[in-house]
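Chain residues, written in single-letter form:
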Amino acid sequence: MKGPARRAEGFTESVIREMTRLCQANNAINLAQGFPDFDPPARVKQSAIKAINSGYNQYSITRGSPELRQAISRKVKRFNHFKCNPESEVTVTCGTTEGMISTLLALLNPGDEVVIPEPFYENYGPDTILSGAKCRYVKLAPPEFEIEEESLKNVFSRKTKAIIVNTPHNPTGRVFRREELKIIRDLCQDYDAFAITDEIYEHIIYDGLSHTSIASLDGMGERTITISGFSKTYSATGWRVGYVIARKELSSAIRKVHDFLTVCAPTPLQEACLSALKLPESYYKSLRATYDESRGLLLKVLEEAGFKCFKPEGAYYIWTDIRSTGFRNDRKLAEMLIKRIGVGSVPGSSFFHNPSTGRLTLRFSFSKMPQTIRIAAERLRRFRRL
Ligand code: GLN
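Description of the structure in this document.

Analysis parameters
Residue indices follow the written sequence of each chain, beginning from 1 at its first position. With the structure being a predicted model, the display of local features is reserved for residues of pLDDT at least 70 and the display and counting of side-chain atom pairs for 80 or more, all residues being used for whole-chain, interface and lining totals. As a rule here, side-chain values come from all non-hydrogen atoms in the structure, and water together with hydrogens is ignored. If DSSP finds at least two bridges between two strands, the strands pair. By definition, any uninterrupted DSSP run of H or I lasting at least four residues is a helix, any uninterrupted run of E lasting at least two residues is a strand, and each is numbered from the N terminus. Convention adopted: a line fitted to C-alpha atoms gives each axis, helices being fitted over their contacting stretch, and angles between N-to-C directions are expressed from 0 to 180 degrees. We call two residues in contact whenever any of their non-hydrogen atoms come within 4.5 Å of each other. Throughout, exposure labels follow a simple rule: accessible area from a 1.4 Å probe, protein chains only, divided by the maximum for the residue type, with under 20% read as buried, over 50% as exposed, and the rest as partly exposed. Just so you know how the angles are binned, under 35 degrees is roughly parallel, over 145 roughly antiparallel, 65 to 115 roughly perpendicular, and the rest oblique. Each crossing gets its handedness from the near helix: less than a right angle anticlockwise from the far helix is left-handed, clockwise is right-handed. Residue polarity is assigned by list, with Asp, Glu, Lys and Arg as charged and Ala, Val, Leu, Ile, Met, Phe, Trp, Tyr, Cys and Pro as nonpolar; anything else, Gly included, falls into the polar class.

### Here's the deal with the sheet that holds strand β1 (residues 90-93)
Then, number 1: Across the sheet, which stays open at both edges, the seven strands sit in the order β1-β7-β6-β5-β4-β2-β3 with mixed pairing between neighbours. Two strands bound the open sheet, and with one partner strand each, they are β1 and β3 (134-139). Strand-to-strand, the axes of this sheet are offset by a mean angle of 20°, without reference to chain direction.
Then, number 2: On the sheet, helix α3 (residues 66-80) packs against β1 and β7 (242-245) and is oriented at approximately 115° with respect to β1.

As structure tokens, then:
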């Protein structure tokens, strides 16, 4: 009998989603998949309900509602410090996830190479493979997880079509500095490569640091594809609304792929995202304060439980080294924590192309209210006593 296509054999199922299923089956607190246990702001939810009741229920124009694209363009100018034309350069997608795969499908040819700093969010590998290109990994070394010029130079070549720049970074929590982004810019210019970004955690940053979009650096506007979305900033991961910003010619290609993949992002939720973009500065401050508190709580209990933690500068994950817990296998430890302790995490191996590289690491998410983290902390205290 005929079976599935070879292209789907090049990668495995998502480990993050697998851990979520395991958490559900075992009633564990899900610190595996990064999503909040609280709702979007009330007025944003009300806008969604109002939109559904006001007839926003059919397809929207495939590239996204004109008002939302205009609002995104204003936000990007104010917050990300670069300009884009809402008519020709902004595309609203079904989440950043679709934005990323539509971009890669639209820009990559077989034989092209994509540079991916490693560890990396698991989608980038399959996205690149599905696009027919090859991944070239470059190590972000602990404890700083910095972009290192020498290592990056070693993986760039004439075949390099793009580099994926995820900042704030999942899973390490690193926020790349302007100087590091300039190293990437110089290589992109030398090798005529694109920077494809994932800036979904752009508002979730701690300790007074700030987010830099590589598109805002001199000379990068035309060779950057900026991808972000509403999921994490507005606690609406199930709404699936994101966007891609790229110069006109690239946007035309991305829009074609997006149209044939999904037609459009959910129409009433695009309306609600418009109201999200009108939230005052205090909203972002309070979101950061909530996550900052959860970060502190989880860091403390994980360290007490024997994990070596890398303090995140942004996003909502704590990357840990499990060596001092006595465990030697990330997957076994993750399963044990879910089944016996009641707390979910993600085996670190799923963030590496060669799983053995991550055997001694585990990722915990603190994308939850401080009270949820406190309950998880109670449970994790039992781990030490085992
Ligand atoms: N980005 C989140 C994570 O890394 C959620 C991923 C997903 O399941 N789409 O956990």
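Past the structure itself, the notes keep going.
### As for the pairing of β1
Looking along a regular strand, one sees side chains alternate from face to face of the sheet.
Then, number 1: With burial as the criterion, each face of β1 is covered, one bearing Val90 and Val92 and the other bearing Thr91 and Thr93.
Then, number 2: Bridge analysis of β1 against β7 gives four bridges, and the strand direction is antiparallel. Residue pairing for β7: Thr93 is matched across the bridge by Gly242.

### With respect to the packing of helix α4 (residues 95-107) against helix α8 (residues 248-262)
Then, number 1: At their nearest, the axes of α4 and α8 sit 8 Å apart, and the two run at 120° to each other. Comparing the axis directions of α4 and α8 gives the class oblique. In terms of crossing hand, the pair formed by α4 and α8 is right-handed. Side by side, α4 and α8 meet where Glu98, Ile101, Ser102, Thr103, Leu105, Ala106 and Leu107 of the first sit next to Leu250, Ala253, Ile254, Val257, His258, Leu261 and Thr262 of the second.
Then, number 2: The residue inventory of the contact of α4 with α8, partitioned by class, reads nine nonpolar, four polar and one charged.

### Here's the deal with the environment of Arg158
Then, number 1: Residue position: Arg158 is located in the loop between α6 (149-155) and β4 (160-166).
Then, number 2: The spatial distance from the C-alpha of Arg158 to the C-alpha of Tyr191 is 6.1 Å, given a sequence separation of 33 residues.

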